[in-house]
Amino acid sequence: MKKIFYIFAILLFKTSIAYSLIEVDITRGNLDPLPVAISPLHVDPQSDNYQDIKTKELGELISSVVEKNFRSTGLFNPLNKDAFVQKPDIAHLKPRFEDWSLITAQALVTGKLLLKDEKLKIEFRLWDVAANKEMIALAFTTTPSNWRRVAHIISDKIYERLTGETGYFDTRIIYVSETGPKTQRVKKLAIMDQDGENTKYLTLGNELVLTPRFNPTNQLVTYLSYFRNLPRVYLLDIETGIQEVVGNFPGMTFAPRFSPDGKKIIMSFAKDGNSDIYTMNLESRLVEKLTEDSSIDTSPSYSPDGKYICFNSDRSGLQQIYTMKSDGTDVKRISFGDGLYGTPVWSPRGDLIAFTKVKGGKFYIGVMRVDGSGERLLTENFYQEAPSWSPNGRLLVFYRETKSGKNGKGFTAKLWSIDITGYNERELETETDASDPSWSSLLSK
Amino acid sequence: MTRSLIYSLFFHAIMILLTILSLPFMIRQPIDLPPIISVELIQISENTNIPFAPKARKVLEKVKEEEKRVVSEQAPPAAKAKEKPDRIPLPKKQDEKKEIIKKKQNPKEVEPEIRQASEFEKKEIIDANQIAALIDKAKEESAKVEKSKNKLTQSNVKNSFASGLTLSEEDALRAQIFGCWTVPLGLPYDEDLLVRVKLELKQDGTINKSEILDHERMNKPGQKFYKILAESALRAVRICQPLRVPQTGYEKWKTIQLNFDPTEMLKG
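In this text, all values refer to a predicted model and were calculated from it rather than measured experimentally.

J.: A description of the overall build of chain B should follow, citing residues and the corresponding values.
T.: Per the secondary structure count, chain B includes 13 helices and three strands. The buried share of chain B, taken over its 268 residues, is 22%. Taking the intrachain contacts of chain B between residues at least 6 apart in sequence as the baseline, contacts between residues at least 24 apart amount to 77%.

J.: Would you mind going over the environment of A:Phe411 in detail, with residue names and values included?
T.: All names here are of chain A. Locating Phe411 in the fold gives a position in the loop between β28 (395-401) and β29 (413-419). By the C-beta count within 10 Å, which is 16 here, Phe411 ends up partly exposed. With ten residues separating them along the chain, Phe411 and Glu401 place their C-alpha atoms 7.0 Å apart. In this structure, Phe411 is in contact with Lys182, Glu401, Thr402 and Ser404, ignoring residues within four places of it in sequence.

J.: Hey, could you go over the domain arrangement of chain A for me, with residue numbers and the actual values?
T.: Residues and elements named next belong to chain A. If you check the domain split of chain A, you get domain 1 (34-163) and domain 2 (172-439). Placing the centre of domain 1 and that of domain 2 at their C-alpha centroids yields a distance of 37 Å. The interface of domain 1 with domain 2 comprises five residues on the first partner and six residues on the second. The greatest single-element share of the side of domain 1 that touches domain 2, amounting to three residues, is contributed by helix α2 (residues 53-73).

J.: I'd like a rundown of the sheet that holds strand β13 (residues 232-237) of chain A, residues and numbers included.
T.: Paired through their backbone hydrogen bonds, the strands of a sheet run either parallel or antiparallel. Residues and elements named next belong to chain A. With antiparallel pairing, the four strands of this open sheet are ordered in space as β11-β12-β13-β14. Looking at which strands have only one partner, the edges of the open sheet turn out to be β11 (209-214) and β14 (243-245). The sheet shows a mean angle of 25 degrees between the axes of neighbouring strands, taken without regard to direction. Direction of pairing for strand β12 (residues 220-225) relative to β13: antiparallel, over a ladder of six bridges. Paired with Leu220 across the strands is Asp237, a residue of β13.

J.: Kindly report on the interface of chain A and chain B, identifying the contributing residues and their values.
T.: Listed as interface residues are 29 residues of chain A and, on the opposing side, 47 residues of chain B. Counting only elements with at least two residues in the side of chain A that touches chain B, the list comes to α1 (2-16), β1 (22-26) and α5 (147-163) of chain A. Split by residue class, the side of chain A that touches chain B holds 14 nonpolar, nine polar and six charged. Here five bridges tie β1(A) to strand β3 (residues 255-260) of chain B, and the two strands are oriented parallel to one another. Residue A:Asp25 lies in a different strand from β3(B), and its bridge partner there is B:Asn259.

J.: Give a description of unusual backbone geometry that names residues and reports values.
T.: That bond from B:Gln241 to B:Pro242 is cis: its omega, 0 degrees, falls within 30 degrees of zero. Checked against the element boundaries, B:Pro242 lands in the loop between α11 (224-240) and α12 (250-253). One non-glycine residue with positive phi stands out, namely A:Asn132, at about 55 degrees. By the element assignment, A:Asn132 lies in the loop between β6 (119-128) and β7 (133-142).

J.: Now, about the sheet that holds strand β25 (residues 362-369) of chain A: what can you tell me, with residues and values included?
T.: Residues and elements named next belong to chain A. Reading across the sheet, the four strands line up as β23-β24-β25-β26 and stay open at both edges, with antiparallel pairing between neighbours. Pairing within the sheet leaves two strands with one partner each, and these edge strands are β23 (340-346) and β26 (376-381). Between one strand axis and the next, the sheet turns by 20 degrees as a mean value, whatever way the strands run. Inspection of the sheet shows strand β24 (residues 352-359) paired to β25 by eight bridges, in the antiparallel sense. Bridge pairing in β25 places Lys359 opposite Lys362.

J.: Talk me through the packing of α2(A) against α5(A); I want residue IDs and the actual numbers.
T.: Residues and elements named next belong to chain A. For the pair α2 and α5, interaxial distance at closest approach is 9 Å and the crossing angle is 45 degrees. Judged by the angle between their axes, α2 and α5 are oblique. Handedness of the crossing formed by α2 with α5: right-handed. Taken together, the residues of α5 that come into contact with α2 (itself represented by Leu58, Ile62, Val65, Val66, Asn69 and Phe70) are Trp147, Arg148, Val150, Ala151, His152, Ile154 and Ser155. When its residues are assigned to classes, the contact of α2 with α5 shows nine nonpolar, three polar and one charged.

J.: Outline the confidence of the model for chain B, supporting the account with residue identities and numerical values.
T.: All names here are of chain B. On average, residues of chain B score 64 in pLDDT, and 46% of them are at 70 or above. For chain B, helix α3 (residues 36-44) is the element with the lowest average pLDDT, namely 36, and strand β1 (residues 195-201) is the one with the highest, namely 93. Between residues 30-56, whose pLDDT stays under 50, and residues either more than four places distant or in other chains, the model counts 54 contacts. Both scores are available for the predicted complex, with the pTM at 0.72 and the ipTM at 0.73.

J.: Outline the pairing of β23(A), supporting the account with residue identities and numerical values.
T.: Residues and elements named next belong to chain A. Taking burial as the measure, the seven residues of β23 include six buried ones, the bulk of the element. As paired elements, β23 and β24 share five bridges and run antiparallel to each other. Bridging from a neighbouring strand, Leu340 pairs with Val358 of β24. Linkage of β23 to β24, two consecutive antiparallel strands, is achieved through a turn of five residues, within which Gly350 is found at a positive phi near 90 degrees.

J.: Describe the environment of A:Asp25, listing the residues and the values that go with them.
T.: The topology assignment puts A:Asp25 in strand β1. On a C-alpha basis, the gap between A:Asp25 and A:Glu427 in space is 40 Å, while along the polypeptide they are 402 residues apart.

Reading the values: the criteria
- Residues numbered from 1 in each chain as written.
- Chains lettered and ligands numbered in written order.
- Predicted model: local features only at pLDDT ≥ 70, side-chain atom pairs only at ≥ 80, totals over all residues.
- Helix = DSSP H or I, 4+ residues; strand = E, 2+ residues; numbered from the N terminus.
- Buried ≥ 20, exposed ≤ 12 C-beta atoms within 10 Å, placed from the backbone.
- Contact = placed C-beta atoms within 7 Å.
- Domains from an automatic or database assignment.
- Pairing = 2+ DSSP bridges.
- Axes fitted to C-alpha atoms, helices over the stretch in contact; angles between N-to-C directions.
- Nonpolar A, V, L, I, M, F, W, Y, C, P; charged D, E, K, R; others polar.
- Parallel < 35°, antiparallel > 145°, perpendicular 65-115°, else oblique.
- Left-handed = near helix turned anticlockwise from the far one by under 90°.
- pLDDT = per-residue confidence, 0-100.

Have a look at this one:
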């Protein structure tokens, strides 16, 4: 009896002095770029023309495109290839993780390509070096000329797997290409990949063109053209090159933009010194007037769900940003800061509105919440405007002009991008001077 | 019969007593964290990573410049890091720690803090107004923390008084993991971003086993971000190992839970 009691008592005591679980709250981390090793793709020896230098270099070229994409984000730090211990032919099979962690890589990209019968097959794998495991593995088959797009798609997949948000690399930017002196600028519509490659010109430069905007399927573009000195909104099919005037308005139409479903175009129509916002259904060609005010209402932009519209108006005396329902009701002013606000654009995520602000002779690109709160000015300069969102809502592209000298020299217009955190501001590569950028949605969805 | 009854009553009484003693809620009193604790924290170690207000920081820097000797008296012995710089020394005597824990469990007994403040007053390092300024700041900060996330506040209380790590040890561990954790930036701000990682550690601080406690969330629809967040947390502890753990008291910290939550950081 005594023994049982002692045993029981000991067990109870033991339970009572057991240590509680230590919990530590980690509420902060670092925002340093993630070190990533991007190994060149291994070229399969069974490829056609394997001895051809171009074929051999293809693996290197694809990995360099991925590397350039990653470096441009500011979120990743692609490691120097000279430090890689494992060669691509072995690394793509099963990496030796110790070798990669030695060079502080946290993620590793490996892969191989096979070029056979005019088909390019590319496989890639993303590895978690710390966990010694594969994170994602995909294969693509395409025509060899598409290798650059495959590199962008691979970048998107890796970006999505590591950050949790969709990528923006397999996209294009349409803009107005500018050449010539400031007083006699030749402006053409131009389109390029987001990394500045594959530039194509869509118009000849005979007429002034402004504000090109993609539609959600990326095949159509709407823009303003001064054809025969009459400013009107046009629609251009990129694939066929066919253009048409949007609507039959007895005056100037401008600031066009597509609705999220691509079925409507929203724009401003000016007559007798007053401008209001209209929509036109591209299928039925029906026109609807949304605002009815004696002031200048312009720069409309739909919310991603198509239920709301933001625009700017000077109905309060100063140019400010307003929102309304897509039927034109429930108009609310959302900007109340000092200065003038213009070119509002609703984020694809739906949570922010980007804008240009003019205050004290300087131009700012900023963002605010859709109710007008939380205004943040991301960048300040002599002259900059026309922000456009990347398809994932993380970056803004806009254009910036430099001040010209007395003789008109020194003037430039360039495209810039900035992260919504205000970091990673960088100039985009363009063949000529550029303005009025518009970022497409992802080409491969 | 009577004897059996006495035995029975005696054993039942012992059983009830033991049960009472062993039940956690009977020994843990609800604790209101006195704001003055933060003042004490700053004095524990010069390497502490707990953020404090710029005003308080200025006061402390001024104090350090004026009288470094006294600050070193408040800090742990200087010889702590010579043998193994990556380890955090425990206080000299286990008995002392037990005593402190016991006192902190009773909110009325705040003598250690008061005594510490009076020591400052005696040596005329900082005046009462400066102390008051620090305390006021600490009050403001603790109020903000409570307002922002009640769950974490409760957890902090538990960490401070019931865990096997001292505050500076816990702080050092936290600071180490801060440096290793690369926060994914595509996270939604309005979702629950808490990832609980349970670790089984070896005596040298390396990881024996790691486990995501809410791993079922990873495969739920609309919770894709959680998988990426959980992976980043696991990556952080793996990169960080060996973790900075005390040289002694292995039984206390061999199992540890890290609660990763970047909400405040992402909201700025």
